[in-house]
Amino acid sequence: MVEELCPGTFAEELVKLLGRYKDGEDKTGGQVRMQNHWATPPELLGCLIGLSGARTERFASPLNHDLRIPRYYSAHARDRLFGAWHDAFSVQFTGSSYMNPEYEGPDLYRALRWAIQATEGGGDALTVAVFPRWEKWRYMNLLSHPHVHDMYTTLRWLSLLRTRSPCLLYT
């Protein structure tokens, strides 16, 4: 539990938190590259949460998780001090969740593959994923899986958000 982390003061832990997510810091499988941490526009995310009933956010951090989603997973065990659950891959995806993983090819592939596996064999999982459409990347091959449904492209969503109230997306 949290006690095993031997927490310092809030100020000390906040400094450590900011250091973990600094560009160039070590992470599992490479280094943090902040240009690959893109946020979903809040209006769009609100619509996705409303439509999907997402109760879990995968691949977040205490610095960027959405407070409308009660549970979130981060890459660092120490983030449990800030309410995170550790490692989205440590449990099978179940229920309804949202994910916007770091935009690195291997990370995107693994996250999408994990979400697909959760639906195979009658698994009870719905994962709303926000991914870039980078045609030559390996994860794009997974979009043809029968359990993957490409609802909209980014440009279509952004066009809707610019021309209409987000609540119209429900109609």
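Here the structure is a predicted model, which means the values were calculated and not measured.

Points about the pairing of strand β7 (residues 125-129)
On any regular strand, side chains alternate: one points to one face of the sheet, the next to the other face. Where strand β6 (residues 95-99) meets β7, 5 bridges bridge the pair, whose relative direction is parallel. Across the sheet, the residue bridging to G95 is A125, located in β7. As a crossover connection, the stretch from β6 through helix α3 (residues 105-119) into β7 is right-handed.

Some points on the pairing of β6
Burial analysis of β6 places 4 of its 5 residues in the buried class, the great majority of the element. The pairing of strand β3 (residues 56-58) with β6 spans 3 bridges and is classified as parallel. Counterpart to E57 in the pairing with β6 is Y98.

What about the confidence of the model for the protein chain?
On average, residues of the protein chain score 81 in pLDDT, and 78% of them are at 70 or above. Segment residues 157-171: pLDDT under 50, and 18 contacts once partners within four positions in sequence are set aside and those in other chains are kept.

Calculation notes
Sequence positions are assigned chain by chain, starting from 1 and proceeding in written order. Whole-chain, interface and lining totals are the exception, using all residues; otherwise, since this is a predicted model, local features are given only for residues with pLDDT of at least 70 and side-chain atom pairs are given and counted only at 80 or more. As a rule here, side-chain values come from all non-hydrogen atoms in the structure, and water together with hydrogens is ignored. Strand pairing is assigned whenever DSSP detects at least two bridges linking the two strands. Secondary structure elements follow DSSP: runs of H or I of four or more residues count as helices, runs of E of two or more count as strands, with numbering from the N terminus. Handedness of a crossover is defined as follows: orient the strands so they point away from the viewer, and if the path from the first strand over the helix to the second runs clockwise, the crossover is right-handed. Residue burial is assigned from relative accessible area. The probe radius is 1.4 Å, only protein chains are included, and a residue is buried under 20% of its type maximum, exposed over 50%, and partly exposed in between. What pLDDT expresses is the predictor's confidence in each residue, scored from 0 to 100. Contacts are assigned to residue pairs with any non-hydrogen atoms lying within 4.5 Å of each other.

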